[in-house]
Amino acid sequence: MGYVKTAILMAALTALFMGLGYLLGGTGGALIALVVAAGMNAFSWWNSDKMVLRMHNAHPVGPNDRSGLTELVGELARNAGLPMPAVYLLDTAQPNAFATGRNPENAAVAVTAGLMQSLSREELAGVIAHELAHIRNRDTAIMTVTATFAGAIGMLANFALFFGGSRERMGILGTLAMMILAPLAAALVQMAISRTREYAADKAGAEICRNPLWLASALERIEAGAARVDNIAAERNPATAHMFIINPLHGQGADNLFATHPSTANRVAALRQLAGGSGPRSTQPRPAPQPEMTGFRDSSVPPVRRKHRSGPWS
């Protein structure tokens, strides 16, 4: 159903784009906007992994790191039938993670130092499995296509005042309304697609790690930690927020039209249902942290520099 919903939402974006082009009264401006938007997004898609990792000051993690992270990613990648992705550490104390890359052969999984320090090995496996599911489902490619249409719609809306046909059809007030409502509608559809892909990745990630409760427990812990700890790089680059497993920005916890992520409570409930029962709020007793999973302090990657204002890792 996740793919069906995504297809329907992408069809809605296409219809919105074509309808806006029709209202503008010609195909010339629409084609120019589409070509420019497609070119910008093609460049971003091809270089997405490098750009995003640079934005978040990610450090590569080698195959011989002492934390066991690379070994865990490799095991789960084999479970998922994927080639080994590159592994990165984000220098922030907020627990979080994301995947990037244009295809499974050019993919990367990035986790924060805060995630390594706050989760058990089982919970960490659930998070990594979720990110590998995004790679296997080619969600980055899907989001790039939606970004292309959303960008083209925004450009067409900005061009509206310069096209006489649109003013003659709708008048100045109608044209102004179109300039505001069309990009808003495109953004809402784009966010809806993002939420749909999160549910799909949760389900596939549970299959990859073979225990939905590991991911459910991890989501609850990440949400609690992310609410208390700032992610400075994410706040500076809010357009990347939809990539994280939990929204890294503060003030967007609801599952509504303007949210890039589903409600964590809804995701946890779906995972518990997948596991065969509702269970208590805490999905399982948290094992004592293993020495190899407590961070990168003994590896070649520098320890986290605490840039947040407050939090449990102060």
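Whatever comes next refers back to the structure up there.
Please read these numbers as outputs of a predicted model, since none were measured by experiment.

A. Focus on the environment of Asp139. Relative to the helices and strands, Asp139 is located in helix 7 (residues 139–159). Measuring from C-alpha to C-alpha, the distance between Asp139 and Glu198 comes to 9.2 Å, with 59 residues separating the pair along the chain. Dropping the residues within four chain positions of it, Asp139 is found in contact with His134 and Arg197.

B. The environment of Gln94, seen in detail. Relative to the assigned elements, Gln94 resides in the loop between strand 2 (86–90) and strand 3 (97–101). Relative accessible area serves as the criterion here: at 0%, Gln94 is assigned to the buried category. Distance from Gln94 to Val229, taken between C-alpha atoms, is 5.2 Å for residues 135 residues apart in sequence. Those residues in contact with Gln94 that lie beyond four places of it in its chain are Thr112, Gly114, Leu115, Ala226, Val229, Asp230, Asn231, Pro248 and His250. A polar contact is formed between the side chain of Gln94 and the side chain of Asn96, at a distance of 3.1 Å. Among the polar contacts made by the side chain of Gln94, one reaches the main-chain carbonyl oxygen of Pro248 at a distance of 3.2 Å.

C. Highlighting helix 11 (residues 264–275). With 12 residues, helix 11 should reach 16 Å at 1.5 Å per residue; the first-to-last C-alpha distance of 16 Å fits that figure. Taken residue by residue, helix 11 has Thr264, Arg267, Val268, Leu271 and Arg272 as its buried positions. Seen end-on, helix 11 carries its buried residues on one side only, within an arc spanning 135°. Those residues of helix 11 that are exposed and aimed more than 90 degrees away from the buried face are Ala265 and Gln273. Gly276 sits one or two residues past helix 11 and shows a positive phi near 105°.

D. Local environment of the pairing of strand 4 (residues 107–112). For strand 4, the buried fraction is high: 6 of the 6 residues fall into the buried class. Residues Ala107, Val109 and Val111 of strand 4 are buried on one face, and the alternating residues Ala108, Ala110 and Thr112, pointing to the opposite face, are buried as well. Here strand 2 runs beside strand 4; their pairing, made up of 5 bridges, is parallel. Bridge assignment links Ala86 to a residue of strand 4, and that residue is Ala108. Hairpin connection of strand 3 to strand 4: 5 residues between the antiparallel strands.

E. Highlighting the pattern of salt bridges. Within the structure shown, the criterion is met by 6 salt bridges. The partner of Asp139 in a salt bridge is Arg197, with the nearest N and O atoms 2.8 Å apart. Of this pair, Asp139 sits in helix 7 while Arg197 sits in helix 8 (residues 164–209); the two residues are 58 residues apart in sequence, bridging distant segments of the chain. Using a relative accessible area of 2% as the deciding quantity, one classes Arg197 as buried. Note that Arg267 is salt-bridged to Asp202, the shortest N-O span being 2.7 Å. Placement of Arg267 in helix 11 and of Asp202 in helix 8 is noted, with a sequence separation of 65 residues between them. Residue Asp202 is classed as buried on the basis of its relative accessible area, which comes to 3%. Several salt bridges converge on common partners, so that one network encompasses Glu198, Asp202 and Arg267.

F. Spotlight on the packing of aromatic side chains. A full pass over the atoms with the stated rule returns 1 aromatic pair. Relative to Phe244, the ring of Phe98 has its centre 5.0 Å away and its plane inclined at 70°; by these criteria the two rings are edge-to-face. Of this pair, Phe98 sits in strand 3 while Phe244 is found in the loop between helix 10 (232–236) and helix 11, placing the two residues 146 residues apart along the sequence. For Phe98, a relative accessible area of 1% translates into the label buried. Looking at Phe244, the relative accessible area reads 0%, which means it is buried. The ring of Trp46 carries the charged tip of Arg102 above its face, separated from the ring centre by 3.8 Å.

Conventions used here
- Residues numbered from 1 in each chain as written.
- Predicted model: local features only at pLDDT ≥ 70, side-chain atom pairs only at ≥ 80, totals over all residues.
- Heavy atoms only, no water.
- Helix = DSSP H or I, 4+ residues; strand = E, 2+ residues; numbered from the N terminus.
- Contact = heavy atoms within 4.5 Å.
- Buried < 20%, exposed > 50% of the residue type's maximum accessible area, 1.4 Å probe, protein only.
- Polar contact = N/O pair within 3.5 Å; in protein donor to acceptor, adjacent residues only side chain to side chain.
- Expected span 1.5 Å × (residues − 1).
- Arc of directions from axis to C-beta.
- Pairing = 2+ DSSP bridges.
- Salt bridge = Lys/Arg side-chain N within 4 Å of Asp/Glu carboxyl O.
- Phe/Tyr/Trp six-rings, centres within 6.5 Å; stacked < 30°, edge-to-face > 60°.
- Lys NZ or Arg CZ within 6 Å of the ring centre and 35° of its normal.

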